[in-house]
Amino acid sequence: MTTSASPDAIPEPPKGPSHVAIIMDGNGRWAQQRNRPRLFGHQAGARRVREIVEACPDIGVKYLTIFAFSTENWKRTQIEVAGLMTLFKRYITKEMQAFVKERVRVRFIGDRMRLDPKLQALMDETEKLTAENDRVHLTIALNYGSRDEVARATKRLAREVSAGKIEPETVDETTLARFLDTHVLPDPDLVIRTSGEARISNFLLWQSAYAEYEFVDTLWPDFTRDHLAEVVGRYGLRERRFGAVPA
Ligand code: IPE
Ligand code: IPE
Ligand code: MG
């Protein structure tokens, strides 16, 4: 059956992504270009986040998930890792009230247990203080790795099975997804990586099964709201098929 649109019909505006996930990469190279230590780049990168979060409601993005520290980033020098951990603590302390004021709901994903208890406490406090907010949902991936997340989810699922609470035969995709750190979030529609690298580096592997990807050359500290709006605009022109034949 074919349907023909009436000549007067107003074409539907392209639908934007509701959930955007960003691999914020390139801080180190940004600092290197300026002959400064890598931490200088991380500080500049952290300052970028506010602008990008604030841009989201204006361009129709309800969920923003950002990759701040991966389970593999512990392999960096002790100086860089310690500097990053201090930066996260300072950043959360400084931004907490702004998140409340701007009605941003903040969540963290990743394995918190390995983080400094002071940082964990700040993360818990931010989540509690912003729990009623709904203007934009910001999820910060901190000590996050997709494989680690799936392994932790499987461990908890296995415990439920051995306690007799879940029948192994009933386990399906939805069951496993319920145990992931992202269980309350929709899947990302668009994943952006800055800095020109075209890889995923263990970010949201399960959740991004049908996401669109955009790899942009801009280094994260230079990524502005205009860059975001441009990438989001391109997304509207893409056709997502989810394995089906286009209608
Ligand atoms: C991303 O920037 C931030 C973190 C991984 C913490 P990088 O530090 O990876 O910057 P490059 O890739 O070395 O330029
Ligand atoms: C991914 O970037 C992690 C974050 C942006 C936090 P990396 O810089 O760690 O990834 P690789 O090492 O280039 O794959
Ligand atoms: Mg990098």
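Residues numbered from 1 in each chain as written. Chains lettered and ligands numbered in written order. Predicted model: local features only at pLDDT ≥ 70, side-chain atom pairs only at ≥ 80, totals over all residues. Heavy atoms only, no water.

Student: Where do I start with the site of ligand 2 in this structure?
Tutor: Surrounding ligand 2, one finds Ile23, Met24, Asp25, Phe67, Ala68, Phe69, Asn73, Arg76, Arg193, Arg199 and Ser201. Within the side chain of Asp25, one N or O atom sits 3.2 Å away from an oxygen atom of ligand 2. Separating an oxygen atom of ligand 2 from a side-chain N or O atom of Ser201 is a distance of 2.6 Å. Within the complex, 78% of the 390 Å² of free accessible area of ligand 2 lies under protein. The dominant element in the shell around ligand 2, judged by the number of residues it contributes, is strand E2 (residues 63–70), at three residues. Here the residues of the shell around ligand 2 sort into five nonpolar, two polar and four charged. (Near = heavy atom within 4 Å. Polar contact = N/O pair within 3.5 Å; in protein donor to acceptor, adjacent residues only side chain to side chain. Areas by Shrake-Rupley, 256 points an atom, 1.4 Å probe, with all protein chains shown as cover. Helix = DSSP H or I, 4+ residues; strand = E, 2+ residues; numbered from the N terminus. Nonpolar A, V, L, I, M, F, W, Y, C, P; charged D, E, K, R; others polar.)

Student: I'm lost on the site of ligand 1 in this one. Help?
Tutor: Close to ligand 1 lie Met24, Asp25, Gly26, Asn27, Gly28, Arg29, Arg38, His42, Ala68, Asn73, Arg76 and Leu84, which account for all nearby residues. For ligand 1, an oxygen atom lies 3.4 Å from a polar atom in the backbone of Gly26. Here an oxygen atom of ligand 1 sits 2.9 Å away from a polar atom, N or O, in the main chain of Gly28. In isolation ligand 1 has 380 Å² of accessible area, and contact with the protein removes 87% of it. If you list the elements that add at least two residues to the shell around ligand 1, you get helix H1 (27–33) and helix H2 (38–58). Considering each element in turn, the shell around ligand 1 owes the most residues, three residues, to H1. Partitioned by chemical class, the residues of the shell around ligand 1 number three nonpolar, five polar and four charged.

Student: Explain the pairing of strand E5 (residues 190–193) to me, please; I cannot follow it from the model alone.
Tutor: For a regular strand, side chains alternate in direction, first toward one face of the sheet and then toward the other. Taking every second residue as pointing to the same face, both faces of E5 are buried, with Leu190 and Ile192 on one and Val191 and Arg193 on the other. Here four bridges tie strand E1 (residues 19–23) to E5, and the two strands are oriented parallel to one another. Within the sheet, the bridge partner assigned to Ile22 lies in E5 and is Ile192. Pairing between E5 and strand E6 (residues 212–215): four bridges, direction parallel. (Buried < 20%, exposed > 50% of the residue type's maximum accessible area, 1.4 Å probe, protein only. Pairing = 2+ DSSP bridges.)

Student: Can you walk me through the packing of aromatic side chains in this structure?
Tutor: A ring pair, where both rings are aromatic, is described by two values, the distance of the centres and the angle of the planes. All told, the structure shown has nine aromatic pairs when counted by the stated rule. Seen in terms of ring centroids, Phe69 and Trp74 are 5.0 Å apart; in terms of plane orientation they differ by 75°. Their pairing is edge-to-face. Looking at Phe69, the relative accessible area reads 0%, which means it is buried. Centre to centre, the rings of Tyr144 and Phe203 are 6.1 Å apart; their planes meet at 90°, and the pair counts as edge-to-face. Within this pair, whereas Tyr144 is found in strand E4 (residues 136–144), its partner Phe203 is found in the loop between E5 and E6, the two being separated by 59 residues in sequence. As far as the burial class goes, Tyr144 and Phe203 line up, both buried. (Phe/Tyr/Trp six-rings, centres within 6.5 Å; stacked < 30°, edge-to-face > 60°.)

Student: Please clarify how the pattern of salt bridges should be interpreted in this entry.
Tutor: Side-chain pairs of opposite charge can arise whenever the charged atoms involved come near each other. According to the stated counting rule, one finds 24 salt bridges in the structure shown. In this structure, the salt-bridge partner of Arg234 is Glu214, at a minimum N-O distance of 2.9 Å. Of this pair, Arg234 sits in helix H7 (residues 225–235) while Glu214 sits in strand E6, and the two are 20 residues apart along the sequence. Here Glu230 makes a salt bridge to Arg234, at a shortest N to O gap of 3.3 Å. Within this pair, Glu230 and its partner Arg234 are both found in helix H7, separated by four residues, close to a single helical turn. The partly exposed category is assigned to Arg234, whose relative accessible area is 33%. Through salt bridges with shared partners, one network takes in Asp25, Arg29, Arg193, Glu197 and Arg199. (Salt bridge = Lys/Arg side-chain N within 4 Å of Asp/Glu carboxyl O.)

Any functional reading would require information beyond the geometric quantities listed.
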